[in-house]
Amino acid sequence: MLERPLRDDLDRELVALLKANARAKTSEIAKKLGIARTTVHERITRLERIGYVTGYTVRLAQDPGKQMVEAFVLIEVLQQQNKQINEKLASFPEVKLSLAISGEFDLLVSVEAPQLEDIDAVIDEIALIPGVRRTQTSLVLGRKLDRR
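All values derive from a computational prediction rather than experimental measurement.

Criteria and thresholds
- Residues numbered from 1 in each chain as written.
- Predicted model: local features only at pLDDT ≥ 70, side-chain atom pairs only at ≥ 80, totals over all residues.
- Heavy atoms only, no water.
- Pairing = 2+ DSSP bridges.
- Helix = DSSP H or I, 4+ residues; strand = E, 2+ residues; numbered from the N terminus.
- Salt bridge = Lys/Arg side-chain N within 4 Å of Asp/Glu carboxyl O.
- Buried < 20%, exposed > 50% of the residue type's maximum accessible area, 1.4 Å probe, protein only.

### A word on the pairing of strand β1 (residues 69–77)
Of the pairings in the sheet, the one linking β1 to strand β3 (residues 107–113) comprises seven bridges and is antiparallel in character. Following the sheet pairing, F72 is matched in β3 by S110. Two elements, β1 and strand β4 (residues 132–139), share seven bridges in a ladder whose sense is antiparallel. Bridged to F72 within β4 is S138.

### Concerning the pattern of salt bridges
A complete count under the given rule lists eight salt bridges for this structure. The salt bridge involving R43 is made with D8; its shortest N-O contact spans 2.9 Å. Taken together, the residues R43 in helix α3 (residues 37–49) and D8 in the segment before α1 (9–20) connect sequence positions 35 residues apart. According to the relative accessible area criterion, D8 is partly exposed, its value standing at 26%. Ionic pairing is found between D11 and R46, a salt bridge with its closest N-O pair at 2.4 Å. Taken as a pair, D11 in helix α1 and R46 in helix α3 lie far apart in primary sequence, 35 residues in all.

See below:
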């Protein structure tokens, strides 16, 4: 039987703290959670061992003078051209993420650019990719929670 990755609320709180600051010392995490440092270490080791935590990364601060516009584009595609569409999307530097999704649309794409006009131009280019049937775009107005 497979081991459950997150056993309890303590594991969920531990993962949230690691997402917020992967460089936090185990003693700091233990203090925030109100548990022993060895317990934190054991739980992190278990999460790494079972493959729930696969690595740690650095998030660079965005240049405050260089505010980016972000949009999410839903894309309906002709399934026969799915591979070619994804290859073309990968060639756009403004495309930061592409996810296959279920439902009315097939892809959810995150697009970032310096200006709204740039976003508009990328959406126009996406619509011209052979096999793209239609798109629907939502602009990001603000971030309420970001655990990336």
